[in-house]
Amino acid sequence: MSRQIPVEPHAVAEDPDSPGVTREIAPDLAYRRLGLVNAVFYGRPGEPGWVLVDAGVAGTRDLILKAAEERFGKEAPPAAIVLTHGHFDHVGALEDLAARWDVPVYAHEHEHCYLDGRSSYPPPDPGVGGLMARLSPLYPRGPVNVASRLASLPEDGSIPGMPGWRWIHTPGHCPGHVSLWREADRTIIAGDAVITTDQESAYAVAVQRPEIHGPPQYFTTDWSAAARSAEALAKLDPELLVTGHGQAMRGPEMRQALHDLADDFSRIAVPKDGKYVQ
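A short tour of the structure in this document, coming up. Just so you know, these numbers come straight off a predicted model, no measurement behind them. (Residues numbered from 1 in each chain as written. Predicted model: local features only at pLDDT ≥ 70, side-chain atom pairs only at ≥ 80, totals over all residues. Heavy atoms only, no water.)

Another aspect to go through is the packing of aromatic side chains. The full count for this structure, using the stated rule, is eleven aromatic pairs. Taking 6.0 Å as the distance between ring centres and 40° as the angle between the ring planes, the aromatic pair formed by Phe41 and Trp50 counts as tilted. Side by side, Phe41 and Trp50 carry an identical accessibility label, which is buried. Taken together, the aromatic side chains of Phe41, Trp50, Phe72 and Trp101 make up a single cluster linked through ring pairs. (Phe/Tyr/Trp six-rings, centres within 6.5 Å; stacked < 30°, edge-to-face > 60°. Buried < 20%, exposed > 50% of the residue type's maximum accessible area, 1.4 Å probe, protein only.)

What follows covers the sheet that holds strand β14 (residues 249-250). Hydrogen bonds along the backbone pair up the strands of a sheet, which may run parallel or antiparallel. If you walk across this open sheet you meet the five strands as β9-β10-β11-β13-β14, and the pairing is mixed. Each having just a single partner strand, β9 (165-169) and β14 make up the two edges of the open sheet. Bridge count between strand β13 (residues 240-242) and β14: two bridges; the pairing is antiparallel. For Leu241, the partnering residue across the bridge sits in β14 and is Met249. (Pairing = 2+ DSSP bridges. Helix = DSSP H or I, 4+ residues; strand = E, 2+ residues; numbered from the N terminus.)

Attention now moves to the pairing of strand β4 (residues 37-42). Buried residues dominate β4, accounting for six of its six residues. Where strand β3 (residues 29-34) lies against β4, six bridges are found, and the strand directions are antiparallel. Bridging from a neighbouring strand, Tyr31 pairs with Val40 of β4. Counted along the chain from β3 to the antiparallel partner β4, the turn is two residues long, and its residue Gly35 has a positive phi close to 75°. Sheet analysis places β4 next to strand β5 (residues 51-53), joined by three bridges and oriented antiparallel. Pairing of Val40 across the sheet is with Val53, part of β5.

Here we take up the nonpolar core. Core analysis: the largest hydrophobic core is formed by 28 residues, its most contacted members being Phe41, Leu52, Ile81, Leu94, Leu97, Trp101 and Leu115. At the level of elements, β4, α1 (61-72), α2 (94-101) and β7 (105-107) are the ones that each hand at least two residues to this core. Setting aside residues no more than four positions away along its own chain, Leu115 makes contact with Leu83, Gly86, Val91, Leu94, Ala107, Val144, Asn145, Val146, Ala147 and Leu150. Counting 24 residues, the second largest nonpolar core, distinct from the first, contains Ala226, Leu241, Ile268 and Tyr276. (Core = buried A, V, L, I, M, F, W, Y, C linked by side-chain atoms within 4.5 Å. Contact = heavy atoms within 4.5 Å.)

This is the structure we're talking about:
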């Protein structure tokens, strides 16, 4: 049975993505697709004090630097780097960028062991199905080491450098996964708690047809927590959803699909078999 929840095309926030194009989806919010993952840029063009959310896959440092320069100007480092989590496709350029910019890196405390050189993530689950899953034993599991610049997200839910935003603990895909929420315009930066492409399918990753999915299955280790996280995001009734994989989406069709996912998560998102399913 299909795990996807198709959404009508007009629910997409902008024209279909292509690598190398930075998409502005709000006056102070943009993202760039870096192959199979997105990096998000918070801040108004040309203004200082911007924030990078997540840091792409290995080899994307120069693409991120180019996007930052185009949006904020030359020699305009961010105020901080904020991580939704520390999987390889979200921290690929992290060590280089943090050193180049000499800025703090904020993450949930449960992710710190994967970001300070201590621990690697648990092995992936190639048995969940799909080409991307079968390739998952080849994906790096870390750790990276930015210990000298690593800091915990504040306990009060605020996000340094992002006034008006709050972080929400959305574990399941990994222990310290967070999503970022701005109530003023009902925007969620969801990381991989929910995504808008079938990340197990190489074809879907390539064409980026917009549809709501649960987190990438091959790296999700706690499906009960993942279900609760999807439910928490659906209850926010977002207007705009930016995810780690796939196109940004907005509007009532997106909201309904997000509620459908949360309401029937075990059937839609959880694989039938796999080492972490039980």
